[in-house]
Amino acid sequence: MLAFIIRRLLQAVIVMLTVALIAFTLFRFVGDPVNMMVGIETTAEERAQLRQDLGLNDPIPIQFARFVANAARLNFGNSYQFKTPVIDLIADRFPATMELAFASAIFSLLIGIPMGVYTALHRRSWRSNIFLAASLIGISLPTFLIGILLIFLFPVTLGVLPSFGRGEVLRLGFWTTGLLTTSGLKALILPAITLGLFQMTLIMRLVRGEMLEVLRTDYIKFARARGLSDRAVNFGHALKNTLVPVMTIAGLQLGSIIAFALITESVFQWPGMGLLFLKAVQNVDIPIMSAYLLLVAFIFVTINLIVDILYAVVDPRIRIDASATA
Amino acid sequence: MTTAAETPPEVLMRRPSRLKAILDSDLIYSFLRSRVTIAAAIVTLVIVLGAVFAPYIAPKNPYDLTQISILDSNNPPIWMEGGQAPYVLGTDDQGRDVFSTILYGSRQSLAIGLMATVLAGILGISLGLIAGYAGGTTDAFIMRAADVQSTFPAILIAMLIDGTSRALFGEQRNEQIVFWVMVLSIGLSFWVQYARTVRGSTLVEKSKDYVLAARLIGIAPMKILFRHVLPNVVGPVLVIATINLALAIITEATLSFLGLGLPPTQPSLGTLIQIGQKYLFAGEWWIAIFPGITLAALVLAVNLLGDWLRDALNPKLR
């Protein structure tokens, strides 16, 4: 088990280093960092001095090592646009994105699982067909279009719910939250639905597929033969066994929710990390771009790692497989 | 597999014509059986034809500044109060006919989507073939690169490539460059799935007798790969390509919507929706909603075609 964890950790480190290399290449070779930092009136000597101070004259491998060491200490340098440390900018917007991501993850689970169970248990009913057709539309509609349609429907036509921003936020230490005020909660509804709709359809289809598989197995037939109630069979036995793969996918999807949040944030002008990254891409603010890249990669790799390890804990076959191939 | 030359003449005579063979095939049979698929094909065909023949169909040319009058801006569709004759679906903020702009916009969206899919396909198939056939370090290197890339959602990679191009070209990014940057950034973000699938099938094909025979008589590896192995692994690739076309169109629209794609002077469907979003609150919904419906219909139809193709080509489901 320990060997398995160490091997997976090593893989994760290699992935992170590769991403760091891409981020470093961006920072170092796309545009000149010195030109980006100084004004037009800076003299050549001052530029040379800055170049020396930043260590841009050192050999490239040393520069890369320094970049990685700084990144590990969360030092990503200053933003070209705002002239303030990138990490402060990101820390400022991190809570907004996290609250949005978790709200939509909870939304997609709370609606997606019951819909999946229903469509699996009542395969031929007209409601199931409607759910399935709706899920196909949910997969086909681009996120931003869903957001625009929701804005058109609720704030514009019906005049309910805000269409942009986070509402009132409270500051709890370093964390700003919109979950404790009415306007904050109201502002969260539409963005969370927009972001969660795609995951919801995904989870619904997954639960349906898994449920249909499980319902065909012998132990379910046996449970029915023992005379257990439908309720006990469907929920006590079938659903329980469905949830392991569902939880895995849901965990892995959390990473893409955080990354995809940037589209929703742009539609609803939600002040999160994604909006910061988008503005950075538009203004070629490379320190923010590379920091965001590393952060998203870190979140992805960490979630993957946790899911893999949990899987190995739950399912011993994976451990044996892994050590057999090694 | 027998060719016509080897077949005895009496069998040849009883053979149905090629057209009949196509019409009798499983693919066409399952196509004609599914009403949803036929509807999807019709929708796709209508949008594609509209896009291809946009210059002949569109009542106005949205790129021709002499045909645009700012006085006609933000007109509602023709059936609403204030709607005017040539503008069936109304006009946008610059006085461009929404219907014509949708036709021209679909042209951009489809062109970028198709080219990006082809690029991703060529890249992914080649890398998959090489990885599967060469094995060893080459295989490990290509597949680890695929692993790293699949750590990121495609849209992020596309955004990153787009941002890099901004830094490299500076402000002189003209429309021609933007078009190819979009193709490149979307194409480069979708190759992984092709590579994985093709590598898997190549591993199976490589140990078959025909490959061994080809190697024995000394055919060059590249020729074996592309002339002999490729035709045998291309089936599942078609399905991926269809689904990826829908994804590429969505990605292009999203990038354009985020202001990273095609500029308002040469809009795609995504750009049009972005322009229209600003006027949604003023009640001028038609600028965003009609391109939105077109985009949704196109993506849904292509997805349905992909679903059908997957089921029809999968012998397990028959």
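Residues numbered from 1 in each chain as written. Chains lettered and ligands numbered in written order. Predicted model: local features only at pLDDT ≥ 70, side-chain atom pairs only at ≥ 80, totals over all residues.

Caption draft 1: Expanded view of the overall build of chain A. When you go through chain A residue by residue, the secondary structure sums to 13 helices and 2 strands. For the C-alpha atoms alone, the extent of chain A along its principal axes is close to 85 × 60 × 35 Å. A total of 326 residues make up chain A; the buried ones form 36% of that total. Restricting to contacts in chain A with at least 6 residues of sequence separation, those with at least 24 account for 71%. (Helix = DSSP H or I, 4+ residues; strand = E, 2+ residues; numbered from the N terminus. Buried ≥ 20, exposed ≤ 12 C-beta atoms within 10 Å, placed from the backbone. Contact = placed C-beta atoms within 7 Å.)

Caption draft 2: Looking closely at unusual backbone geometry. All names here are of chain A. Phi angles above zero are rare outside glycine, and Lys83 is one such case at about 60°. Positionally, Lys83 belongs in the loop between α4 (60–72) and α5 (86–121). Judged by the 8 C-beta atoms lying within 10 Å of it, Lys83 falls in the exposed class. One non-glycine residue, Gln269, adopts positive backbone phi at about 50°. Inspection of the secondary structure assignment puts Gln269 in the loop between α10 (230–268) and α11 (273–282). Judged by the 13 C-beta atoms lying within 10 Å of it, Gln269 is partly exposed.

Caption draft 3: Broad picture of the interface of chain B and chain A. Taken residue by residue, the interface counts 33 residues in chain B and 31 residues in chain A. Elements supplying a minimum of two residues to the side of chain B that touches chain A: α8 (154–169), α12 (221–257), α13 (269–277) and α14 (286–313) of chain B. With 9 residues, the single largest contributor to the side of chain B that touches chain A is α8 of chain B. Residue composition of the side of chain B that touches chain A, grouped by class: 23 nonpolar, 8 polar and 2 charged. (Nonpolar A, V, L, I, M, F, W, Y, C, P; charged D, E, K, R; others polar.)

Caption draft 4: The arrangement of the nonpolar core in detail. Membership of the largest hydrophobic core comes to 159 residues, with the highest contact counts inside it found for Ile203, Ala261, Phe277, Ile288, Leu293, Val296 and Ala297 of chain A. Those residues within four positions of Val296 of chain A in sequence are excluded, and the remaining contacts are Ile258 and Ala259 of chain A together with Phe152 and Leu156 of chain B. (Core = buried A, V, L, I, M, F, W, Y, C linked by C-beta atoms within 7 Å.)

Caption draft 5: Inspection of helix α4 (residues 35–52) of chain B at higher detail. Residue and element names in this part refer to chain B. In this model, α4 (18 residues) spans 26 Å end to end at C-alpha, consistent with the 26 Å of a helix rising 1.5 Å per residue. Taken residue by residue, α4 has Thr37, Ala40, Ile47 and Ala51 as its buried positions. Around the axis of α4, the buried residues are gathered within 100° of arc, so they sit on the same side. Residues Arg35, Ala39, Ile42, Leu45 and Leu49 are exposed on α4 and point more than 90 degrees away from its buried face. In this structure, the buried side of α4 is in contact with α3 (26–33), α5 (54–57), α6 (98–134) and α14. (Expected span 1.5 Å × (residues − 1). Arc of directions from axis to C-beta.)

Caption draft 6: Summary view of the packing of helix α7 (residues 136–150) of chain B against helix α10 (residues 191–206) of chain B. Residue and element names in this part refer to chain B. The geometry of α7 relative to α10 is characterised by a closest axis approach of 10 Å and an angle of 140° between their N-to-C directions. As summarised for this structure, α7 and α10 are arranged oblique, according to the angle between their axes. Read as a crossing pair, α7 and α10 show a hand that is left-handed. Contacts between α7 and α10 pair Ile142, Ala146, Gln149 and Ser150 from the former with Val192, Ala195 and Arg196 from the latter. Across the contact of α7 with α10, the residue classes tally to 4 nonpolar, 2 polar and 1 charged. (Axes fitted to C-alpha atoms, helices over the stretch in contact; angles between N-to-C directions. Parallel < 35°, antiparallel > 145°, perpendicular 65-115°, else oblique. Left-handed = near helix turned anticlockwise from the far one by under 90°.)

Caption draft 7: Main features of the confidence of the model for chain B. Per-residue pLDDT for chain B has a mean of 82; in total, 87% of the residues score no lower than 70. Note on the complex model: pTM 0.83, ipTM 0.82. (pLDDT = per-residue confidence, 0-100.)

Caption draft 8: Quick peek at helix α8 (residues 182–215) of chain A. Residue and element names in this part refer to chain A. Taking 1.5 Å per residue, 34 residues should reach 50 Å; α8 reaches only 43 Å between its end C-alpha atoms and comes up short. The largest bend along α8 measures about 45° and falls at Gly196. Judged by how many residues are buried, α8 sits mostly within the fold: 24 of 34 residues are covered. (Bend = angle between axes of the 7 residues up to and from the residue.)

Caption draft 9: The arrangement of the environment of Leu310 of chain A in detail. Note on placement: Leu310 of chain A falls in helix α12 (residues 286–314). Taking the C-alpha atoms as reference points, Leu310 of chain A and Trp126 of chain A, separated by 184 residues in sequence, lie 38 Å from one another.

Caption draft 10: Representation of the confidence of the model for chain A in the model. In the predicted model, chain A carries a mean pLDDT of 84, and 96% of its residues have values of at least 70. Looking across chain A, the model is least confident in helix α13 (residues 316–325) of chain A, with a mean pLDDT of 55, and most confident in α5 of chain A, with 91.

Caption draft 11: Here's a closer look at the packing of α5 of chain A against helix α6 (residues 126–140) of chain A. All names here are of chain A. α6 packs onto α5 with a crossing angle of 130° between their chain directions and a minimal axis gap of 9 Å. One finds that α5 runs oblique with respect to α6. Once α5 is placed against α6, the crossing between them reads as left-handed. Residues Met115, Tyr118 and Thr119 of α5 pack against Ser128, Phe131 and Leu132 of α6. Residue composition of the contact of α5 with α6, grouped by class: 4 nonpolar, 2 polar and no charged.

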